[in-house]
Every structure is written in structure tokens, then in C-alpha cells.
Amino acid sequence: MSDAHDTPPRPGVRDTLQRLMPKLVLSPTFLAAVFFLYGFILWTIWLSLTRSTLLPNNVWAGLAQYRYLFGNGIWWTSLINLGIFGTLYIGLSMAIGLFLAILLDQRIRGEGIFRAIYLYPMALSLIVTGVAWKWMLNPGLGLEKLVHDLGFTHFSFDWLINPKMAIYTVVVAAVWQSSGFVMALFLAGLRGVDDSVIKAAMIDGASLPRIYWSVIIPSLRPSFFSALILLTGLAIKSFDLIMAMTGGGPGFSTYLPANFMYDFAFQRGQIALGAASAVMMLVAVGLLVGPFILLESRRKSDV
Amino acid sequence: MGKLSIRNVHKTFGNNVEVLKGIDIETSDNQFLILVGPSGCGKSTLLNIIAGLEASTGGDIHINDRRVNDLSPRDRDIAMVFQSYALYPSMTVRQNILFGLQIRKVPREERERTLKDVAAMLQIDHLLERKPRELSGGQRQRVAIGRAIARDPALFLFDEPLSNLDAKLRVEMRDELKRLHQRIQTTIVYVTHDQIEAMTLGDLIAVMNDGQIQQLGSPQEIYDNPANLFVAGFIGSPSMNFIPCEITVDDQGAGLQMQEGDNRLVMQAPDHAQAALRERNGQKVILGIRPEQITHKRVSQLDEADTRLMTATVDIIEPTGPDTLIFIHLNDTKVICRVHPPEAKQPGERMELLFDLAKAVFFDPQTEQRIA
Amino acid sequence: MSERDHSVHSHTPRAARIGIYAILVFAALFYLTPLYVIVITSLKSLQEVHLGNLLSLPLRPTFDAWREAWSSACSGATCQGVQVYFWNSVHLVIPAVLISTAFGAVNGYVLTKWRFRGSDLFFSLLLIGTFIPFQMILLPMAWVLGKIHLENTIAGLVMVHVIYGLAFTTLFFRNFYVTIPNELVKAAMIDGAGFFTIFWRILLPVSTPIFMVTIIWQFTQIWNDFLFGVVFTSGAIHPITVALNNLVNTSTGVRRYNVDMAAALIAALPTLLVYLIAGKYFVRGLTAGSVKG
């Protein structure tokens, strides 16, 4: 049998270190979050309240930058563009994603292959996507020429350089990129639906489309919110795709708030104005995404 | 080996929830101590405190006369077996058992020897190279026990180790555990919510409820002399009958008023309770009598001092094989009786029942403490 | 995800099933066409590009465009092709992925097995970081990088990606370690194992799936990033995404579409390959990351 110790070991340096270890380990991330995340957010907000142009200065400007921002036609254009782009992007991605997910849920042979094909665009950089679609919709050599070669010689497709239509080309590319992801989310949600509820509906005599409409789709609410939250965030942050496909043009017809921020902060030497536009982007995310997150997390804690 | 001393241990959780309200337990060497009670009574918390996995808010823990309050689990010389076995999934059985020894830098030869002994003792020699996911529930349980034994500790802690096994396996493992205890000659502290396990395994039982020890004693003691209503009702299956009665005192002594259907009668209280009940004329008490103390009329017992006869209407019967349980109603309370199957009457019929009050107990309805 | 009893679906009529397959195939073509176009355009000579159309196969496939894209294409002032920038991205991705994943792993370990007062709150605050538009940190970060002399360096870019990747990597590992029973840690503590021993010998050996998910996710995010690249680097330090954009959009002269496509393919290949080989981990990352909190 084991010997009893003569004197009990005293809690020493080793034990103290062990007790502190969890906090020690977390501290770099903690410091990074405090400084580089929340600190920087405050800093940018501060910047937006100064008169900084090329370099940061601490001259107080109050809300002058914001007044200037909302008096600026380019900014308003970018907001309107975001509205158009965002609505179409989110709406189409959700619709296509849900539709494809429902189809794939029908016990399809080769489902794995289809899923892999719909999802691969998410693995690409938005620059690559933009470059590819820019080429595909190239007026003269792209879609237009293809359709000509197929016999429809009067077809013209100049959307990419048409100020009225350019924004829709960006929508197409963005939906191409993200709809597979939405599909994956909905498919996972569909697979999680409780079997017995479906069987009860079948016994009640409901047809398959009816079952989908009344039983399954309503239970996709969490997936719906996840997709909505993510797509909204992505829409507001859209920058890469615009830069690659249209550069914001023609004119400012595809210019988005993120383009405005980059342009004014880093190209035009208007740091404070850029900061103000960034703050507005944050506000947009907070207003549009925040309520949904709160809603969903409250629902979860009710369960 | 393994004297455990728990003195006035308190535990309060952050939001002012007092989970342990002053626990005192003293064991001898080689004790099989059971902590039993319903969920939420604090037994697992107490076990964690003994192990050093949680700190107490007050009180002392001594293992072999050594105060361990400030020691981390690894320095307390204990071993623990968990409900979910907690075997390290990426290691083989051999590695699982040797892990603690390796950390303690036990020399290789000694490690191998220990492994051999433990594997032989628990008959898991043939499983040494397998991973936990390749083992059945019972095998995993043995490996978990083996890991604990290999540490050769001063104290063994078991946290509901049989709860995840099916009924038959549970019974087998119970026997093995009893035998194991005899072999290893070390104190075991065993947490369970199953009172049958508690009764069959332990030699010292602490019945816990609501953060307090309701009673500490040997199985028979607790069974025959429960300290209060809770202990009486918790131990024993089917559980003790609690019949509220009013006391009537006449020149023959204290008697219990019984109403069965339309019939009223007074049943004379047993000798051992006379002194206490005589002072409660007109008051209500709760009669505690176990089902096996209410049987069919056995002529041989009619002469015993504390037996009483009564006729009652049978409500439901439940044949269990060796006995048949008869449900009757007394004083508006459901009462379960245990009779020899051939003697059992059918529902609706009247039956003569023999009450053996020699072991009956009485409780005060307000304090729920035992008064006789 | 349990296999659903598909009795629901065995009743769809044959015509409907054909329709369903038709739609799925049509959708597949929609998603595949751009990739197809990129590839065949990159294999054409510039003449063929002008003569043919988007979908026409090259009559004489050639890798000339690829060679040119790799080593001699002109973007901005230099004509070294994209190889320099490709290697920039490689030097960026490897340390950034490894460091952010390592921190994510220990963070997830602490947040699930060594919780203390405030650790859950800390996690929620960290999670908020995944929603912030990065435009909010660009200006201060540019200033800070300048002050510590890491502006326009790969090291600086690594630092940025590590800092802002921590939220995601921590999320992944935390959600994974939550599913590992805490009793394992208790048993190891009683066996005498300390903080790091438990991590190293008990948790890490079963963490392979989540490491795969996190590494693939981080690799894809960082390799495909453009915003940090374009703001925090210039000239020869650009990662390949920025170089690609420069090549296609800021070069002057005759547009060499085949070279553009070849360059795009070079930029896309690493993440595409990872997706093809380990795609299921990628999917798990997508769905795991969206089940937050």
C-alpha cells in the first residue's frame, strides 16, 4: 500500500502557475481584442470627429465630416447602389439556395457531386470571381459574341459598361459566388427536420409540396436567419468584387460604401471622411444585423 | 487504509445557493461509504470536494489524518471512477491505465508489474491493446476501475459508476465491486441515487437530501430505524407505507385510529411505541410500516405481541413472482401489502391482513422526525 | 446529422424526378461555366480569343499564356509575371494559418475546460469581432504598422491576419471542445496531469477534424483576401489577389485576356485544390461557423 507522506506538500509556485495558466493563455487574445478590435473601433470613431486629411491630426471637427458625408452625392450614390445590390444579392441567393437545397433533399443520386459543384465558388477569391465574370460579360468578346456566334446577331449585351445595368452584373457574380453556401446551410437545416413530424403530416394526408410549405420550411427559421445575417454582412462589406469587375464604374454606378471608404481614406487623402464612412458602415451592420442576432439568441435561451 | 474525515463542510455557489449545509462524516479504515440521495442533494458536489476538483466554502477534509483542503487532486492520493468512465479516447487500455503512473515518473518495471496485476485482477488482460471505442460498456467500466486501482491510492471515489450499464450488467458489476473492496482493503466513497445499490454495496450509508445528511449508519440500521420520513421513504422498494393516524389513549394504552372503507377501528400501538405515543392523545402521527410487515394471515404469528389483524378490501394486485403486492386503502392512504401469492384475493374482495407492528416506526407530521 | 428516413420522397412521380434532375444539371452548368471559360481562354492564343467565343475550344491549345502570366506579365511598373506575388501569398499564408490556428486551439481549450468568471463574456465579445466591417480598423492599423516598422511587409500582413483570424479559429475550436466531456479533464487532473499535459495528451490527439476545418478555412480566407493586401502592402509585397487585380485592371495597352485568365487560374488553384481534396472539411467549416454561440 502507498506510504502516507510525512508532511503534506505545500502549494507552491507550480500550483499558482497552474491556476493562472488559463488566464495567461487567454491574455494575448484578450489584449489583441481590446487593443486591435475595440481600441481601433474607438480610434476610427475619434478620427471621424477630427479634421484629418492626409495624416491623422487631433483637430476637433464635431460632426462636420458626417454632415459633409451626407451632403456628398457620391456617398448617396454608394448607399443607393448598396440598397439595390444588397436586396437583389440577398434575395436571389436565398431563393436559389433554398430552391436547390429542396431539390437536393429529394434523395438525388450523385448528390455529393452536385453539392460540390454548387459550393466550389466559395473557395475562390472574389477577385478571381470578378475577373472571370468581367471577362464573361465582356462587351464585344464575351456573352455578346457567344450569342452572336449561335446565330442571334442582333443580340447586344453591354451591361458591364452601361451605367444603368452594370450593378446587375455585379449582382450576378455575387449570387454565383454565394448561393451555393446558402444551399449548404439550408440543406443542413432540412436534414435536421424531425422525421416524426413529417410522418404525422403524411398520415394526415398532406402532399409533398404541402408538407414542404407548411411543415419543413417554417422549421428552417434558424438556417434562414444564419443565412440572412451572413449575407447582409457580406453585402455591406462588398469591396473586392467591385474592384475586380468594375472598379466602381462606369462612373459611380457600381460604387459601394466600402469603395467610398477605401477611395477617400487611402487614395484621396481624406482620412477623417473615410473614417466617417467606415463608421456608417458599422452602424449599418449594427442596425441591420444586430436585431436579428438578438432575436435569435433570445429565442435560443427560451428553449 | 483510507480513513476519511469530513468535518462541517459547507459549499455555497456564487449566486448564494447553499448546496452543502454542514456535512460531518467519519469513516474507519477499509470502509465502503455510500453517499445516496435524490439528484440535487449535493452528493456529487461532496465527492468533487473530497477529490479536490471543487473547493469547499468551509470545513475540513482529512484523508488518513492528513488535512487535504489545500492540496490539488493529484496530491491527495486518491483515485476516481466516473459515471461515463472518462477513458482517454486516443489511448489504448494499457496507456489509459499507465497514464497516471507515467506522470508520477514511476519506474518502468514497477509500472509493468502494476499493469499486470491490475489486468489480472479485473480480467482485462486481453483488452490491453484496444482503444476505448472498441470496448463494451462493462469492459470500459473495468478499465476505468483498473486505472483507479493502478494508482494504489489511499481513497477510492466512485461517481455513479454503474448508472450507464443495463440492469443485468449492473447486478454483475455490483458483486464484482463488493469482491474488489475486500481485495483492495481501501476505503471507497461511492455516490449513487439508487438505494438498492446503496444497501447492497455499502457498510456505511449517508442518506443525503437538500445538502444535509439525513442519516448516517449501516444498511440495516437505516432500514430498520430510519431517523426521519425522508430516509424511511427513500430506502426500500416498494417504499414504506406512511399512514396518518390519530392517537387515542385509553386504559389499555395508545391506539391508532384506522378507517377502512366504512369501518372504523382502533389498532393498539406496539409496545416499543407506547411510551412516546401516550403523550400524544388526540394528535396526529404518521405510522410507517413496510409492505413486508403487512402480510396474509399467518396462524403461527398470531400469538406474537405486536401483531394485529384487520380486514380490508383489495384495490389492485401486482404479482411480482415471489410475492403479490396488494393495494388497500387505510385512512384515505394507499397502502401496499406483501402477501404469499396463493393467499392473495382478487380486486374487490375482502382479505384478512396481518400487521406486524414490531418494526413499525412513527413520525411527527410537522417535523418529519421519528418519534418511536 | 442523422440519415433521414426518406420514405417521404419515394412517392415523387417520375416526370417530376426528371424535371428535378434537369434543373440540377442546368444549375451545375451555370456554376461550372465560368471555370470552364477561364480554363479554355487561358489555353488559347490571343488571336484565337478574338476569333472564337467564350465557349469555343482552342484549336491549338497552348500554355503560352500561363508562362507569360507566371513570369513576364506586366502589372503596374514591373513585368515579372505573378510568380513573385504567388510566393508572397505563400509566405503570408503559412505562418498566418499556423499561428492563428494554434491560438484558436488553446483559446477554445481554455474557454471550454477551464472556464472562469468572465470567460463566457470574453467569448461573446470576441465573437462580435466577426461581424465588424474591417473598414473600421484599416486606418488605425495602417498607422500602427507604420509606427512599428512593419508597413508594407509580409510580416505585418501576417500579424494583421492572425489578429483578425483569432475570433474565427477560437469559435471553431470552442464549439468542438464543448462536445468533449469535461470528465476527461477531471480524470486527467486526478491522474496528476497539468494544464498543458491535458491539452497535449488528451485533447490534441482527438482534435484532428477541427484542425482540418480550421486550417482549411483560414487558408482559404487568407489566401483569398484582398482588402488587407491592398491597404497594407504596395508594390512587390502584394499578395497574389492584389497582383491579379492590378494585372487585369490597371495595366495599359492591349488587353491580353488569355494571360488574365491564366493569372486568375494561378491565383485560384491553391484554394481550389484544397477544396477538391478536403472539401468536406470546408463545408463543415462553413456550417460550423454559422452556428455561432
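Residues numbered from 1 in each chain as written. Chains lettered and ligands numbered in written order. Predicted model: local features only at pLDDT ≥ 70, side-chain atom pairs only at ≥ 80, totals over all residues. Heavy atoms only, no water.

Turning next to the packing of helix H7 (residues 166-191) of chain A against helix H10 (residues 221-237) of chain A. In a pair of packed helices, the angle between the axes and the distance between the axes together describe the arrangement. All names here are of chain A. Relative orientation of the contacting elements H7 and H10 amounts to 160 degrees, with a least axis distance of 9 Å. As far as their axial angle goes, H10 and H7 are roughly antiparallel. Crossing handedness for the pair H7 and H10: right-handed. On H10, the residues that touch Ser178, Phe181, Val182, Leu185, Phe186 and Gly189 of H7 are Ser223, Phe224, Ser226, Ala227, Leu230 and Leu231. Looking at the contact of H7 with H10 residue by residue, the classes come out as 8 nonpolar, 4 polar and no charged. (Axes fitted to C-alpha atoms, helices over the stretch in contact; angles between N-to-C directions. Helix = DSSP H or I, 4+ residues; strand = E, 2+ residues; numbered from the N terminus. Parallel < 35°, antiparallel > 145°, perpendicular 65-115°, else oblique. Left-handed = near helix turned anticlockwise from the far one by under 90°. Contact = heavy atoms within 4.5 Å. Nonpolar A, V, L, I, M, F, W, Y, C, P; charged D, E, K, R; others polar.)

With 97 residues of chain A in contact, the opposing surface of chain C contributes 92 residues. Counting the surface lost from both chain A and chain C, the interface buries some 8700 Å², and carbon and sulfur atoms represent 76% of this. Taken as a group, A:Leu26, A:Tyr120 and A:Trp135 account for 8% of the area that chain A buries against chain C, more than any other trio of residues on that side. Linking chain A with chain C are 0 salt bridges. Viewed at the interface, chain C and chain A are joined by 27 residue pairs in polar contact (both at pLDDT 80 or more). The element that contributes the greatest number of residues to the side of chain A that touches chain C is helix H1 (residues 13-48) of chain A, accounting for 20 residues. (Buried area = accessible area lost by both parts, 1.4 Å probe. Salt bridge = Lys/Arg side-chain N within 4 Å of Asp/Glu carboxyl O. Polar contact = N/O pair within 3.5 Å; in protein donor to acceptor, adjacent residues only side chain to side chain.)

Before going further, it helps to spend a moment on the nonpolar core. Ranked by size, the top nonpolar core spans 232 residues in total, and within it A:Tyr118, B:Leu46, C:Met141 and C:Tyr164 carry the most contacts. Those residues in contact with A:Tyr118, other than ones at most four positions away along the chain, are A:Leu100, A:Leu104, A:Gly180, A:Met183, C:Leu24, C:Ala27, C:Ala28 and C:Tyr31. Core analysis: the second largest hydrophobic core is formed by 46 residues, B:Ala79, B:Leu87, B:Ala119 and B:Ile184 among them. (Core = buried A, V, L, I, M, F, W, Y, C linked by side-chain atoms within 4.5 Å. Buried < 20%, exposed > 50% of the residue type's maximum accessible area, 1.4 Å probe, protein only.)

Turning our eyes to something else, we now look at the pairing of strand E10 (residues 212-217) of chain B. Residue and element names in this part refer to chain B. Strand direction decides the pairing type here: strand E9 (residues 204-209) and E10, joined by 5 bridges, are antiparallel. Residue pairing across strands places Val207 opposite Gln215, the latter belonging to E10. What sits between E9 and E10 in their antiparallel hairpin is a turn of 2 residues, with Asp210 showing a positive phi close to 55 degrees. (Pairing = 2+ DSSP bridges.)

Residue and element names in this part refer to chain C. Tallied over the entire structure, the rule returns 1 disulfide over all chains. Bridging Cys74 to Cys79, the disulfide has an S-S length of 1.9 Å. Note on the Cys74 and Cys79 pair: the S-S dihedral is about 110 degrees, so by sign convention the disulfide is right-handed. The class for Cys79 is partly exposed, based on a relative accessible area of 41%. (Disulfide = S-S within 2.5 Å.)

For the rest of this paragraph, the subject is the packing of aromatic side chains. Applying the stated rule across the entire model yields 53 aromatic pairs over all chains. Relative to A:Tyr262, the ring of A:Phe239 lies with its centre 5.3 Å away and its plane at 65 degrees, an arrangement referred to as edge-to-face. With A:Phe239 in the loop between H10 and helix H11 (240-245) and A:Tyr262 in helix H12 (residues 257-267), this residue pair connects regions lying 23 residues apart in the sequence. Each member of the pair, A:Phe239 as well as A:Tyr262, is classed as buried. With a centroid separation of 4.2 Å and 20 degrees between ring planes, the pair formed by A:Phe260 and A:Phe264 is classed as stacked. Of this pair, A:Phe260 and A:Phe264 both sit in helix H12, separated by 4 residues, roughly a single helical turn. Of the two residues, A:Phe260 and A:Phe264, both sit in the buried class. The rings of A:Phe70, A:Trp75, A:Trp76, A:Phe252, A:Tyr255, A:Phe260 and A:Phe264 are connected pair by pair, giving a single aromatic cluster. Just above the ring of C:Phe134 sits the side chain of A:Lys237; from NZ or CZ to the centre is 5.7 Å. (Phe/Tyr/Trp six-rings, centres within 6.5 Å; stacked < 30°, edge-to-face > 60°. Lys NZ or Arg CZ within 6 Å of the ring centre and 35° of its normal.)

Below, the discussion takes up helix H3 (residues 73-104) of chain A. Taking 1.5 Å of rise per residue, the 32 residues of H3(A) would be expected to cover 46 Å, and the 45 Å separating its terminal C-alpha atoms lies within 8% of that figure. In this structure A:Asn72 caps H3(A), since a side-chain oxygen of it lies 2.7 Å from the backbone nitrogen of A:Ile74. (Expected span 1.5 Å × (residues − 1).)

All names here are of chain B. One open sheet accounts for 6 strands, arranged E6-E7-E8-E3-E9-E10; its pairing is mixed. Looking at which strands have only one partner, the edges of the open sheet turn out to be strand E6 (78-81) and E10. The sheet shows a mean angle of 15 degrees between the axes of neighbouring strands, taken without regard to direction. Against the sheet, helix H1 (residues 43-51) touches strand E3 (32-36), E6, strand E7 (155-159), strand E8 (187-192) and E9, its axis set at about 150 degrees to E7.

We now examine unusual backbone geometry. Backbone torsion omega between A:Gly249 and A:Pro250 reads 0 degrees, so that peptide bond is classified as cis. Relative to the assigned elements, A:Pro250 resides in the loop between H11 and H12. Of note in this structure, B:Tyr85 is not a glycine but carries a positive phi near 70 degrees. Along the chain, the position of B:Tyr85 falls in the loop between E6 and helix H2 (93-103).

As a further point, take the environment of A:Ile74. All names here are of chain A. Within the element layout of this structure, Ile74 appears in helix H3. Through-space distance from the C-alpha of Ile74 to that of Leu143 is 30 Å; in sequence the pair is 69 residues apart. Residues within four places of Ile74 in sequence aside, it is in contact with Phe252, Tyr255, Phe260, Phe264 and Arg268.

Hydrogen bonds between backbone groups are what pair the strands of a sheet, and the pairing can be parallel or antiparallel. Residues and elements named next belong to chain B. Pairing within the open sheet is antiparallel, and its 5 strands lie in the order E13-E12-E11-E14-E21. If you trace the sheet from one side to the other, it starts and ends with strand E13 (263-268) and strand E21 (361-363), each paired once. Between one strand axis and the next, the sheet turns by 40 degrees as a mean value, whatever way the strands run. Of the strands in this sheet, strand E11 (241-250), strand E12 (253-260), E13, strand E14 (284-289) and E21 are in contact with helix H9 (residues 271-278), which crosses E12 at around 95 degrees.

Residue and element names in this part refer to chain C. By the element assignment, Ala77 lies in the loop between helix H3 (64-72) and helix H4 (83-113). Exposure remark for Ala77: the relative accessible area of 81% places this residue in the exposed category. A sequence separation of 100 residues divides Ala77 from Tyr177, and the C-alpha atoms of the two residues are 50 Å apart.

All right, on to the pattern of salt bridges then. Any two side chains of opposite charge can pair, on the condition that their charged atoms come close. The tally for this structure, following the rule as stated, stands at 26 salt bridges over all chains. Residue A:Glu111 is joined to A:Arg115 by a salt bridge in which the shortest nitrogen-to-oxygen separation is 2.9 Å. Placement of the pair is A:Glu111 and A:Arg115 together in helix H4 (residues 111-119), with a separation of 4 residues, close to one helical turn. A relative accessible area of 13% places A:Glu111 in the buried class. Measuring nitrogen to oxygen at the nearest pair gives 3.2 Å for the salt bridge that ties B:Glu26 to B:Arg7. Of this pair, B:Glu26 sits in strand E2 (residues 17-26) while B:Arg7 sits in strand E1 (residues 4-13); the two residues are 19 residues apart in sequence, bridging distant segments of the chain. Here the salt bridges do not stand alone but share partners, grouping A:Asp105, A:Glu111, A:Arg115 and A:Arg191 into one network.

The next point concerns a nonpolar patch on the surface. All names here are of chain A. On the surface, a nonpolar cluster with roughly 300 Å² of combined accessible area is contributed by Ile80, Ile84, Leu88 and Leu92. Mapping Ile80 onto the fold places it in helix H3. Taking relative accessible area as the criterion, Ile80 reaches 52% and is therefore assigned exposed. (Patch = residues over 30% accessible without salt bridge, like charges linked within 9 Å, V, L, I, M, F, W, Y side chains within 5 Å. Areas by Shrake-Rupley, 256 points an atom, 1.4 Å probe, with all protein chains shown as cover.)

Residues and elements named next belong to chain B. Assignment of secondary structure puts Glu260 in strand E12. A distance of 2.9 Å separates the side chain of Glu260 from the backbone nitrogen of Thr313, its partner in a polar contact. Once you skip the residues sitting within four places of it in the chain, Glu260 turns out to touch Met310, Thr311, Ala312, Thr313, His329, Leu330 and Arg350.

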